[in-house]
Amino acid sequence: MSPSQTTRFSEGPVVLTPKQANIYVWGWQKKARFRDAVCGRRFGKTFLGKAEIRRAARLAAEWGVSVEDEIWYCAPTFKQAKRVFWRRLKQAIPPSWRAGKPNETECSITTKAGHVIRIVGLDAYDNLRGSGLFFALVDEWADCVYAAWEEVLRPMLSTCKFVINDEQRVGGHALRIGTPKGFNHCYDSYLDGQGAEPDHKSWLYTSVDGGNVPPEEIEAARRKMDPRTFRQEYLASFENYQGVIYYCFDRRTNHTDDTVQPAKPGVAADALHIGVDFNVARMAAVVFVIRDDLPRAVDEFVDVFDTPALITKIKERYAGHSITVYPDASGQNRKSSNASESDLSLLRAAGFTVVVDATNPGVKDRINSVNAMLCNTYGERRFLVNTNKCQKYTVALERHIYDDKGEPDKKGGFDHANDAGGYFIVKRWPIVKRVAVVSNLRM
């Protein structure tokens, strides 16, 4: 590809940098219906957005797209969308393409072909339902409400129809761009574009890759910023963000390929240690093995209905293994559905060894123990997780945050797996507290 890409507009060429052009040229290809560009700050995402919106307006007319299918620039809030893109949108769509003056109230432009191009905020996404979508550009994707995509934008893209070279196509296209913010939906969609989904394509570019920020400015930022923020903002690195409870976890450096080993001639099957959190219809359990006296999370059970169902799943999957369970102490009194026995009694009756105290450990003690095992002050990562086998547990470690009262959040559903894993860790590897002994001083 040449150093720049000139788009085929009738009024004024748009010159893109090589990395911007690489994203642009994949537009409207079947293998890249959903594109995700994860980029560092000042990469030139907004400039790329102008080119994308302008092209979409031209193609909508060329391909006979229904005027009911609109073209949208989306941002986390309408205020942000207007500030960032409204002026640029009016620059991108020349007066000769417009049916009239831009609507300054709605922040929309109607082309002579009848297609509406508008900017929207995704914070009030319930108000956006109605029209179809030919193209959606979602800016600052990591900061957008995911439900806006899942419940509104994605369904609106489904009904659009157009013809390319006598071939009927169904379904509008989308480009989601932005700087990462932890391991949230932006990370998930990036992975989709790395081969997980056939019609997704994704890229990750640093601020330097964009060609707009000189290297000396990058180095100046590096000197002033903490390492994690610098990596996220300028290197487009997915990092655990502030407020995450298990901030010491890193899916790359805390990963292990270790798995449960069955019995072999002369070698017994792995002894399994399973942390369990009791919840109605959402029980969670994390399976551990011990290697060199250190924990390895190698499997998980999530969203299990009740204790009898969990027992059945464990026995089916791990027959022949000795099993020790480290459950939630609330199971002393909690009764499983349609059962007169306590959950702990059911676990013991199943033949499992149950290790539990009279009460649960302190929440902070459990969290501190897990973080210390994930990475201590010497940089030692003693607690490893098979992120392929424990996918839900991995996401929970990355995304569980504190609420506005400073307590672990319980609304996101990430607490169950973390509690399960934590019961085992804090029991076997507690942070030993120093105990002060006071005695009389004899003179």
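Q: In this structure, what is going on with the overall build of the protein? I would like to understand it.
A: What the protein contains, in helices and strands, is 12 helices and 17 strands. On the principal axes, the C-alpha backbone points of the protein span a range of 90 × 65 × 50 Å. The proportion of buried residues among the 443 residues of the protein is 53%. Carbon and sulfur atoms form 50% of the exposed surface of the protein, whose accessible area is close to 21,600 Å². The protein carries 62 positive and 54 negative side-chain charges, and their two centres are separated by 4 Å.

Q: Can you help me understand the packing of aromatic side chains in this one?
A: When we look at a pair of aromatic rings, we describe it by the centre distance and by the angle of the planes. With the rule as written, the count across this model stands at 21 aromatic pairs. Between Phe183 and Phe238 the ring centres are 6.2 Å apart and the planes differ by 35 degrees, which places this aromatic pair in the tilted class. One end of the pair, Phe183, is in the loop between strand S10 (173-178) and helix H5 (185-196); the other, Phe238, is in the loop between helix H7 (227-234) and strand S12 (272-277), and 55 residues separate them in sequence. For the pair shown, Phe183 and Phe238 are each scored as buried. Look at Phe288 and Phe383: their rings are 5.8 Å apart centre to centre, the planes differ by 40 degrees, and that puts the pair in the tilted class.

Q: Honestly, the packing of helix H2 (residues 45-62) against helix H3 (residues 78-92) in this entry has me stumped. Any pointers?
A: Interhelical geometry of H2 versus H3 gives an angle of 45 degrees and a closest axis separation of 10 Å. The pairing of H2 with H3 is recorded here as oblique in orientation. At the point where H2 passes H3, the crossing takes the right-handed sense. Contacts between H2 and H3 involve Thr46, Gly49, Lys50, Ile53 and Arg54 from the former and Val84, Phe85, Arg88, Leu89, Gln91 and Ala92 from the latter.

Scoring rules and cut-offs
Residues numbered from 1 in each chain as written. Predicted model: local features only at pLDDT ≥ 70, side-chain atom pairs only at ≥ 80, totals over all residues. Heavy atoms only, no water. Helix = DSSP H or I, 4+ residues; strand = E, 2+ residues; numbered from the N terminus. Buried < 20%, exposed > 50% of the residue type's maximum accessible area, 1.4 Å probe, protein only. Areas by Shrake-Rupley, 256 points an atom, 1.4 Å probe, with all protein chains shown as cover. Lys, Arg positive; Asp, Glu negative; His and termini not counted. Charge placed at Lys NZ, Arg CZ, Asp CG, Glu CD. Phe/Tyr/Trp six-rings, centres within 6.5 Å; stacked < 30°, edge-to-face > 60°. Axes fitted to C-alpha atoms, helices over the stretch in contact; angles between N-to-C directions. Parallel < 35°, antiparallel > 145°, perpendicular 65-115°, else oblique. Left-handed = near helix turned anticlockwise from the far one by under 90°. Contact = heavy atoms within 4.5 Å.

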